[in-house]
Amino acid sequence: MEDARYPLFRTMAAAGAAGALILLCGLGFYLYYQPIDQQATHAPARITGVFRYDPASGRTLGAKTGHFSGTEIPAARVDWSLLPPDMVVAAHWYDSNGIVEGGVAPATAAAQRSDPIPIAADNGEVAEGGYVFVVERYAGGRPVEVLARAAIKVDAR
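Residues numbered from 1 in each chain as written. Predicted model: local features only at pLDDT ≥ 70, side-chain atom pairs only at ≥ 80, totals over all residues. Heavy atoms only, no water.

1. Looking at the pairing of strand β5 (residues 88-95)
With 6 of 8 residues buried, β5 is to be regarded as a mostly interior element. Here β5 pairs with strand β6 (residues 100-108) via 5 bridges, running antiparallel. Paired with Val 88 across the strands is Thr 108, a residue of β6. What sits between β5 and β6 in their antiparallel hairpin is a turn of 4 residues, with Gly 98 showing a positive phi close to 80°. The pairing of β5 with strand β8 (residues 129-139) spans 7 bridges and is antiparallel. Bridge assignment links Ala 91 to a residue of β8, and that residue is Val 135. (Buried < 20%, exposed > 50% of the residue type's maximum accessible area, 1.4 Å probe, protein only. Helix = DSSP H or I, 4+ residues; strand = E, 2+ residues; numbered from the N terminus. Pairing = 2+ DSSP bridges.)

2. What about the packing of aromatic side chains?
Scanning the entire structure with this criterion turns up 1 aromatic pair. Considering the side-chain rings of Trp 93 and Phe 133, the 5.0 Å spacing of their centres and the 50° angle between planes classify their relative orientation as tilted. With Trp 93 in strand β5 and Phe 133 in strand β8, the pair connects residues that are 40 residues apart, well separated along the chain. Considered together, Trp 93 and Phe 133 belong to a single accessibility category, that of buried residues. (Phe/Tyr/Trp six-rings, centres within 6.5 Å; stacked < 30°, edge-to-face > 60°.)

3. Details of the sheet that holds strand β4 (residues 73-79)
Taken together, 4 strands build an open sheet; the order of strands is β2-β1-β4-β7 and the sheet is antiparallel. A strand with exactly one partner marks an edge of an open sheet, and here the two such strands are β2 (59-61) and β7 (117-118). Note that strand β1 (residues 46-54) and β4 share 7 bridges and pair antiparallel. Bridge pairing in β4 places Arg 46 opposite Asp 79.

4. Remarks on the environment of Gly 62
Secondary-structure assignment places Gly 62 in the loop between β2 and β3 (67-69). On the basis of relative accessibility, which here comes to 70%, the residue Gly 62 falls in the exposed class. In this structure the C-alpha to C-alpha distance between Gly 62 and Arg 52, which are 10 residues apart in sequence, comes to 6.8 Å.

5. Considering the layout of surface pockets
The volume enclosed by the largest pocket comes to roughly 160 Å³. For the largest pocket, the lining is made up of 13 residues, of which Asp 95, Glu 101, Val 126, Ala 127 and Tyr 131 are closest to its centre. Per-class residue counts for the lining of the largest pocket are 5 nonpolar, 3 polar and 5 charged. (1 Å grid on protein atoms, 1.4 Å probe; cavity = no way out; pocket = protein on both sides within 12 Å on 5 of 7 lines; lining within 4 Å. Points joined across faces, edges and corners; volume = space filled by probe spheres on them. Nonpolar A, V, L, I, M, F, W, Y, C, P; charged D, E, K, R; others polar.)

6. Notes on the side chain of His 92
On the secondary structure map, His 92 appears in strand β5. Residues contacting His 92, with those up to four places away along its chain left out, are Val 100, Gly 102, Gly 103, Val 104, Val 132, Phe 133, Val 134, Glu 136 and Tyr 138. (Contact = heavy atoms within 4.5 Å.)

7. Topic: the environment of Gly 58
With respect to the helices and strands, the residue Gly 58 is situated in the loop between β1 and β2. For Gly 58, a relative accessible area of 27% translates into the label partly exposed. For the pair formed by Gly 58 and Pro 118, sequence separation is 60 residues and the distance between their alpha carbons is 9.2 Å. Excluding residues within four positions of it along the chain, Gly 58 makes contact with Tyr 53 and Pro 116.

8. Some details on a nonpolar patch on the surface
Together, Leu 24, Leu 27, Tyr 30 and Leu 31 make up an exposed nonpolar region whose accessible area comes to about 420 Å². With respect to the helices and strands, Leu 27 occurs in helix α1 (residues 6-33). (Patch = residues over 30% accessible without salt bridge, like charges linked within 9 Å, V, L, I, M, F, W, Y side chains within 5 Å. Areas by Shrake-Rupley, 256 points an atom, 1.4 Å probe, with all protein chains shown as cover. Salt bridge = Lys/Arg side-chain N within 4 Å of Asp/Glu carboxyl O.)

Remember, this is a structural readout, not a statement about activity or role.
Next up, the structure:
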């Protein structure tokens with residue numbers, strides 16, 4: 001005769017195994033994005049401002065601001081000279097959904113250019129919403145530390 005508790009034990013053991021697997025996967029993701037061999041540098045990255053951008057000349061216009069209309073293209077400026085020259089860094093614009101909307105690829109701080117970094121604009125227009133400009137340190141081909149950030153708002157045309 002079979003014990004009536006045995007099917008319940010199997011179900012509980014399967015649920016425990018699934019829980020342990022989820023925990024291990026979570027730990028793996030944490031270690032991937034927060035490597036234990038990487039310590040915060042607290043590097044002095046500095047975003048000098050976000051300005052209106054003229055794509056024809058490739059220059060910024062006017063004073064720094066945090067509000068733009070949909071027909072104005074925002075561009076950030078970064079002072080790369082404050083960072084150690086061999087530090088690998090990148091800068092990206094993110095929309096409110098976390099989608100990259102422009103930026104510069106990872107390279108050493110010494111190789112980064114001081115050009116303005118604009119948001120990618122479709123037909124000279126930027127979608128309404130909030131955007132965040134982030135300067136990140138890279139190691140092992142992935143971002144490991146946020147060095148600076150700036151937030152802006154783009155209103156309807």
